[in-house]
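Observations on the model geometry
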Amino acid sequence: MQGLGEFIVKRRWWVLFVWLVAAIVIVGLSPKLSSIENDNQNKFLPTSYESIRADKIASKFSAHTDAAIDTIVFTGKDGGVLSAEQQQTANQIVTALGAKDLSAVASTSYDKEHELAPNKKVQLASVTYKTNGQDTKTINSVKDVRNALNSLTKGTTVKAVLTGAEAISFDTKDASNRALKIVSIGTLLLVLFLPAFIFRSPLAGLLPLIAVSIVYTIASSLIADAGHLFNFSVSQQLSILFTVVLFGIGTDYILFLLFRYREKLRSGDHTKGAVAFALSHAGEAIFSAALVVLTSFAALFFAKFGIFSSLAPGLVICVAVMMLAALTLVPALLAIIGEKVFWPSKAWMVKAEKPTISKKIGGLIARRPGAVVAAVIVGLLILSAFALNFKGDFSSFSQPPKNTPSGDGYHLLVAAFPAGTLSPSQVYVSSTTPMTAVELQPLIDKLKTTKGVSEVFPAELKADGKAAMIGVILKNDSFSATAINNMSGPIRTAAHSFDTANRQVLVGGATSAIADVQAVTNRDLSVLFPIAALFIFVILAVLLRSLVAPLLLLLCVSLGYVATLGSATLIFQTVGGASGLISFIPLFMYIFVVAIGTDYNILTITRLREEVRLGNKPRLAADLTVEHSSATVAAAGLILASTFGSLTLGGISFLTQMGAAIAIGVSLSAFVIAPFLIPSLSALLGYTIWWPSHRPTKQKR
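This write-up is about the structure you can find in this document.

The rules behind each value
Residues numbered from 1 in each chain as written. Predicted model: local features only at pLDDT ≥ 70, side-chain atom pairs only at ≥ 80, totals over all residues. Heavy atoms only, no water. Phe/Tyr/Trp six-rings, centres within 6.5 Å; stacked < 30°, edge-to-face > 60°. Helix = DSSP H or I, 4+ residues; strand = E, 2+ residues; numbered from the N terminus. Buried < 20%, exposed > 50% of the residue type's maximum accessible area, 1.4 Å probe, protein only. Lys NZ or Arg CZ within 6 Å of the ring centre and 35° of its normal. Core = buried A, V, L, I, M, F, W, Y, C linked by side-chain atoms within 4.5 Å. Contact = heavy atoms within 4.5 Å. Salt bridge = Lys/Arg side-chain N within 4 Å of Asp/Glu carboxyl O. Patch = residues over 30% accessible without salt bridge, like charges linked within 9 Å, V, L, I, M, F, W, Y side chains within 5 Å. Areas by Shrake-Rupley, 256 points an atom, 1.4 Å probe, with all protein chains shown as cover.

**Focus on the packing of aromatic side chains**
- Tallied over the full model, the rule gives seven aromatic pairs.
- Centre to centre, the rings of W14 and F17 are 5.9 Å apart; their planes meet at 90 degrees, and the pair counts as edge-to-face. You can see W14 and its partner F17 sitting in helix α2 (residues 12–29), three residues apart, about one turn around the helix.
- Taking 6.0 Å as the distance between ring centres and 25 degrees as the angle between the ring planes, the aromatic pair formed by Y261 and F342 counts as stacked. Note that Y261 is positioned in helix α9 (residues 236–266) and F342 in the loop between α13 (329–337) and α14 (357–367), a separation of 81 residues in sequence. Side by side, Y261 and F342 carry an identical accessibility label, which is buried.
- Members of the aromatic cluster, connected to one another through ring pairs, are F199, F259, Y261 and F342.
- Its guanidinium or amino end placed over the ring of F197, R200 lies 4.9 Å from that ring's centre, counting from NZ or CZ.
- Note that R503 overlies the ring of F498, its terminal NZ or CZ placed 3.8 Å from the centroid.

Below, the structure is given as structure tokens:
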């Protein structure tokens, strides 16, 4: 790192030139990140799961393969019971809509037997598209259908609202775009103002903003390139994470460098060599921390659920490019700006005469490490206890955003019809020999008496009799935990009981897909946790030349993870009244809290090792480490927690919960585990923490 630092300082203008040219070339030749975004969960499920196999049979029942369908919800403008005239008007509108030349719409229809709600205040119809729900053209056509409905209902006494999978996807995309703008603005402001406030210098805020902005443009283009090259998509909601991750960890790494640079300046070295010194000492922590985050994200490659595995290349690219920039571009910019990076503040020139808070904390830890360890562990265990109440919610990507047309239609529909009406399930029967309606009746009768089923429709047979579809409406909200449990349990069991040697029954539809999402998510959680932990352990063992320290760090971070899960459960479920936390929260918390939170532990533990190598005894090393590194950790943690916290501004429940949870986890790591627990444990264990490394032969004090 010393040699790299000296090279970067000497060739600083060339380094900056290479980065700028690379940014221009890569961005100019690459597609946009939006070109690989997709929010259809079926797109991400492995083909071996039942809902995906059912989709293949579903294509036999549509003139347009796997065609997407939306629901039109008609109500009276006065909100009352629909008269016979209003019902007829609604039917005429449906017919007129089908006659319009809407390029993406295949047909419109209404079911005379089941169109009217029991309270007669709501009437339903359907819109069938020419393409499937994964097609961007289908989602974008929602706007045309809504405009046509507004035109056709004008001057009538009825109003029409479009809802369903495609309408929800359209509104979710719109909400995600707004969320991205809000989160991006919030993140940029945090990255600009927090470092400027910490160092009392506007240039200290501009440096991370400039450096990370260059990295962001390059990384976004490389992710899009990789998506087209390796044929993967990313969820639009989750692609917002790339912005937060880059600006969050990027600013952290820059702070690591700035604090070490300021420390060298305070020692009296005002030459360009101070930058090389800062990189030689902070560079190891930056490289190791980035490597831990990178390999933890790489563990997502082992996921079966595409939403997880498709994020892996994007996150790996983000961290890899940011790591390269932190070790080359940022030192070059720092060498160009020099000590003016702290202008107009003068505080960097001299050490504080009075003991700082960090020094006081360090002294406390050196004197009473056992008491500090006990207090921190008890506090974390109390928070962890709330994790026992955790419940997973698998509806995050299927329910409409609040205050949207699809949301309004959805709530009107579920209030008037059985909750499962919006997204009916389908039972598909395929046979090697022709079937008759009479043969299928026992299956229909069994489904009617199955737990969780509200209504079963007559079988629809193909002309050759070798395939049949039976529509099923569930009693509960199609995306609720109750409906999902019924689907994966009694409903599928009842359907599969009709299987024979030459006949197969599969259950399709949104609830079946979510049940498969639940299964694959649980599988991924059990696989990714140990893989990520193994990666982190190996890297730390190599970095620290120790087997005890990495194990200790993993145990501390794991305790922080469970405490974070408990805190999020307390906030959103116990206090907030939510039915559960978004299903993916535990995995993303683990990846982000464990991987990124380990950054602060690495910064702390590497400084501890440095102090011990200088000959300081363990308790004094802990004291000096807290004095010199806790401010860096606190500043970096504040910025990272704030950037993830900005996700709560987007108005999307998934991002709100995830942003808050990760912000809590980062805060626990930066303000509790790294500055208190790790140094205290180090002081208690003494040289044992560095086993099997040798105890230093020379001691200063």
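Having seen the structure, we can now continue with the description.
**Side note on the nonpolar core**
- Among the nonpolar cores identified, the biggest contains 170 residues, and Y253, F297, F592 and F644 are the most heavily contacted of them.
- Setting aside residues no more than four positions away along its own chain, F644 makes contact with L241, V244, V245, F592, I596, G659, I662 and A663.
- Judged by nonpolar contacts, the second largest core, of 25 residues, contains M435, V456, A468 and A494.

**Comments concerning the pattern of salt bridges**
- According to the stated counting rule, one finds eleven salt bridges in the structure shown.
- Between E610 and R260 there is a salt bridge, with the nearest N and O atoms lying 2.8 Å from each other. Residue E610 is found in helix α21 (residues 585–613), and its partner R260 is found in helix α9; the two are separated by 350 residues along the sequence.
- Owing to a relative accessible area of 9%, R260 belongs among the buried residues under this scheme.
- Among the charged side chains, a network of salt bridges with common partners joins R260, E263, R607, E610 and E611.

**Digging into a nonpolar patch on the surface**
- Nonpolar side chains collect at one region of the surface, where W14, F17, V18, V21, V25 and L29 lie side by side and expose about 650 Å² of accessible area between them.
- The exposure class of V18 is exposed, given its relative accessible area of 51%.

Distances and angles like these do not, on their own, reveal function.
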